[in-house]
Each structure stands twice: as C-alpha cells, then as structure tokens.
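# Structural features, examined
Listed here are the chains, written in short residue letters.
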Amino acid sequence: MSCNTSVTRVQLVSSVGQAPRVPVHLLPCEIEHEGPAQVSQYLTATTKNSKQGILKIDKGNQSFVHFYPTTEKTVSFRGRGLKGQELSCPQGYTGLVLKEINKPGSDQEDRTVKLSSVFDKLTYWNLETPPNSDDTVVMAMDWPELAEAIHGPVED
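First, a word on scope: everything that follows refers to the structure included in this document. Worth saying up front: this structure is predicted, and the values here are computed from it rather than measured. (Residues numbered from 1 in each chain as written. Predicted model: local features only at pLDDT ≥ 70, side-chain atom pairs only at ≥ 80, totals over all residues. Heavy atoms only, no water.)

### Details of unusual backbone geometry
- The backbone of Arg78 shows a phi angle near 55°, a positive value even though the residue is not glycine.
- Among the structural elements, Arg78 can be located in the loop between β6 (70-77) and β7 (80-88).
- When its relative accessible area of 68% is taken as the criterion, Arg78 is described as exposed.
- Phi at Glu128 is positive, roughly 70°, even though this residue is not glycine.
- Structurally, the position occupied by Glu128 is in the loop between β10 (121-127) and α2 (136-151). (Helix = DSSP H or I, 4+ residues; strand = E, 2+ residues; numbered from the N terminus. Buried < 20%, exposed > 50% of the residue type's maximum accessible area, 1.4 Å probe, protein only.)

Quick look at the structure:
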C-alpha cells in the first residue's frame, strides 16, 4: 500500500476580492480545452420555472423541510439535450477557479495552482435529466451547513 504525499500549493497573486468574477458552467462531459470560452455564444439556454425545487433543511431549534422554487434551464450542446440549474455558493463561501501552473510528471510530485477567477454561483448541467436534490453538486453545496450542524456548538 502506497501513500500519496504530494502537496498542492495555491498561489494568490491578487486577493480573492480583486480577482475577476466569472460565470461558471459545470458540464457532464470532458472538453479538451483550457482557458476562457465564448460560452454565451454556444450555450443560450431557455428557462422555465419549476414548481418543485431543491429540498433544504433549516438548522436551528427546529428542522423544517421545504421546497425552493427553481428555474430549470435547457440547452442543446453538440446535439445533446442538457438540463441545468443555477446554484449559489453556500453563505460565506466563494468559489475559486484555479489554473495549474505546471503539470507534475507523476501524482507523487507537488502541484502548484494559481487563482484565475472567482464565482458566487454556477450553472450545473445534467445530460437529459432534470436537476434534482440528489445531484452530487447540490449535496456538496449543502455540506457546509450540514457540517456546521454536526460539529457546531450544541444548544440546550
């Protein structure tokens, strides 16, 4: 059994507050391109309001289950139907777009990445299936709130 001891270093050339804010799309495919793209030229989505939204649980003295109304986006990308939804980063968090400066020769070597831009919301896309609360990215966005509820101070 081997142990991976590589380190990833993040270079903050400018502060997070000074980095440009960009729209971010999470696609269900791999595109062999690195860098900016003219997304608005190729991904012009139609939108419709959804009556069923994402299930959320509030923290506090009581737990409530409720639905947030959402807007489902649809688009065709390279002939395939995509259905998407815009998600905000959890409160108090900012998303970082990092760019690898030099690629290591193996997974044992250290990596260095630099801050390219930031985002406070992203649009994630599913291949032909509507977005729902079971999508991994939705559950990931709920994690900070859940972690705080688990690890935070206990109120009597």
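### Some details on the sheet that holds strand β8 (residues 95-102)
- In space, the 3 strands of this open sheet follow the order β1-β9-β8, with mixed pairing throughout. At either margin of the open sheet sits one strand with a lone partner, and together these are β1 (8-11) and β8. Averaged over all neighbouring strand pairs, the angle between strand axes comes to 40°, with direction disregarded.
- In terms of strand pairing, β1 meets strand β9 (residues 111-119) through 4 bridges, oriented parallel. Of the residues in β9, the one forming a bridge with Gln11 is Lys114. (Pairing = 2+ DSSP bridges. Axes fitted to C-alpha atoms, helices over the stretch in contact; angles between N-to-C directions.)

### A closer look at α2
- For α2, built from 16 residues, the straight-helix expectation of 22 Å at 1.5 Å per residue is met to within 8% by its first-to-last C-alpha distance of 22 Å.
- Trp143 marks where α2 bends most, by close to 40°; the proline Pro144 follows one to four residues later.
- Check the buried side of α2 and you find it contacts β2 (25-26), β7 and β10. (Expected span 1.5 Å × (residues − 1). Bend = angle between axes of the 7 residues up to and from the residue. Contact = heavy atoms within 4.5 Å.)

### Looking at the environment of Gln91
- Considering the arrangement of structural elements, one finds Gln91 in the loop between β7 and β8.
- Its relative accessible area of 80% is what places Gln91 among the exposed residues.
- Distance from Gln91 to Glu145, taken between C-alpha atoms, is 8.8 Å for residues 54 residues apart in sequence.

### Structural notes on the pattern of salt bridges
- Within this structure, the stated rule accounts for 4 salt bridges.
- Here Lys121 ties to Glu86 by a salt bridge, and the two come within 3.7 Å at their closest N and O atoms. Here Lys121 is found in strand β10, whereas its partner Glu86 is found in strand β7, with 35 residues between them in sequence.
- Given the relative accessible area of 38%, Glu86 is considered partly exposed.
- Note that Arg111 is salt-bridged to Glu100, the shortest N-O span being 2.7 Å. Residue Arg111 is found in strand β9, and its partner Glu100 is found in strand β8; the two are separated by 11 residues along the sequence.
- For Arg111, a relative accessible area of 34% gives the class partly exposed. (Salt bridge = Lys/Arg side-chain N within 4 Å of Asp/Glu carboxyl O.)

### Let's talk about the environment of Lys99
- Within the element layout of this structure, Lys99 appears in strand β8.
- For Lys99, a relative accessible area of 46% corresponds to the partly exposed category.
- Along the primary structure Lys99 and Leu115 are separated by 16 residues, whereas in three dimensions their C-alpha atoms are 6.5 Å apart.
- When near neighbours in sequence (up to four residues on either side) are disregarded, Lys99 contacts Thr112, Val113, Lys114 and Ser116.

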